[in-house]
Amino acid sequence: MDALTTKLSSNPTIEIIPPLKVSSFSNFITCLCCNRSRTPGEIDEDGCGICNECLEPNAERWDIPAFEVALAQLPAGYLEGNFKGRRWSATVKRSLDGRREWLFAEDLGGSDIVSFNLYRLENGRNALRPCEMSQAKVVEFVIGFRPDTRSG
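Residues numbered from 1 in each chain as written. Predicted model: local features only at pLDDT ≥ 70, side-chain atom pairs only at ≥ 80, totals over all residues. Heavy atoms only, no water.

## A few points about the side chain of Asn 126
Item 1. Following the sequence through the fold, Asn 126 ends up in strand β8 (residues 126-130).
Item 2. With relative accessibility at 16%, the residue Asn 126 sits in the buried group.
Item 3. At a separation of 2.5 Å, a polar atom in the side chain of Asn 126 contacts the side chain of Glu 68. (Helix = DSSP H or I, 4+ residues; strand = E, 2+ residues; numbered from the N terminus. Buried < 20%, exposed > 50% of the residue type's maximum accessible area, 1.4 Å probe, protein only. Polar contact = N/O pair within 3.5 Å; in protein donor to acceptor, adjacent residues only side chain to side chain.)

Encoded structure:
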């Protein structure tokens, strides 16, 4: 196991929950977002157990170019930097097909976190899914986070 995997898996605040089947006699899966029973075809392949309906941008439409630009400038992997005068760590992951971006960040001197998934849908739209926080908090963090620059 590499160091990043070990660090992430030893963090008790991160929990990955696979989609659950409604019963052992059913092909239905419970959406992790809305908790409704869905057929496997209604669960997005890259949506980590979230149904297509919850991933549709018409539920919470957003179009924030500054957020997209700032997110694209963050390198994948673990980094540290500053946000609102405080030290933060952040881990950015991108799927190989480019359809999903994930960020988990934490205040190194406190208990605040920022976490979200960004899904790039087949229709060309994006679905931002914060993890138990507002979209505004996520957008503010990504735009305002300043990673350390490394010389050398």
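On we go from here.
## What to know about helix α4 (residues 135-144)
Item 1. Looking at α4, one finds that the buried residues are Gln 135, Val 138, Val 139, Phe 141 and Val 142. Mapping the buried residues of α4 onto a view down its axis gives an arc of 165 degrees, with all of them on the same face.
Item 2. Where the residues of α4 are buried, they touch α3 (65-73), β4 (77-83), β5 (86-94), β6 (100-107), β7 (113-120) and β8. (Arc of directions from axis to C-beta. Contact = heavy atoms within 4.5 Å.)

## Notes on the pattern of salt bridges
Item 1. Applying the stated criterion to the full structure yields eight salt bridges.
Item 2. Its salt-bridge partner being Glu 140, residue Lys 84 comes within 2.7 Å of it at the nearest N-O pair. With a gap of 56 residues between them, Lys 84 in the loop between β4 and β5 and Glu 140 in helix α4 connect regions that are remote in the sequence.
Item 3. The residue Arg 87 makes a salt bridge to Asp 148 at a minimum N-O spacing of 2.9 Å. You can see Arg 87 sitting in strand β5 and its partner Asp 148 sitting in the segment after β9 (146-147), a full 61 residues away along the chain.
Item 4. The partly exposed category is assigned to Arg 87, whose relative accessible area is 33%.
Item 5. The class of Asp 148 is partly exposed, set by a relative accessible area of 31%.
Item 6. In the salt-bridge network here, residues are joined through shared partners; they are Glu 68, Arg 94, Glu 101 and Arg 120. (Salt bridge = Lys/Arg side-chain N within 4 Å of Asp/Glu carboxyl O.)

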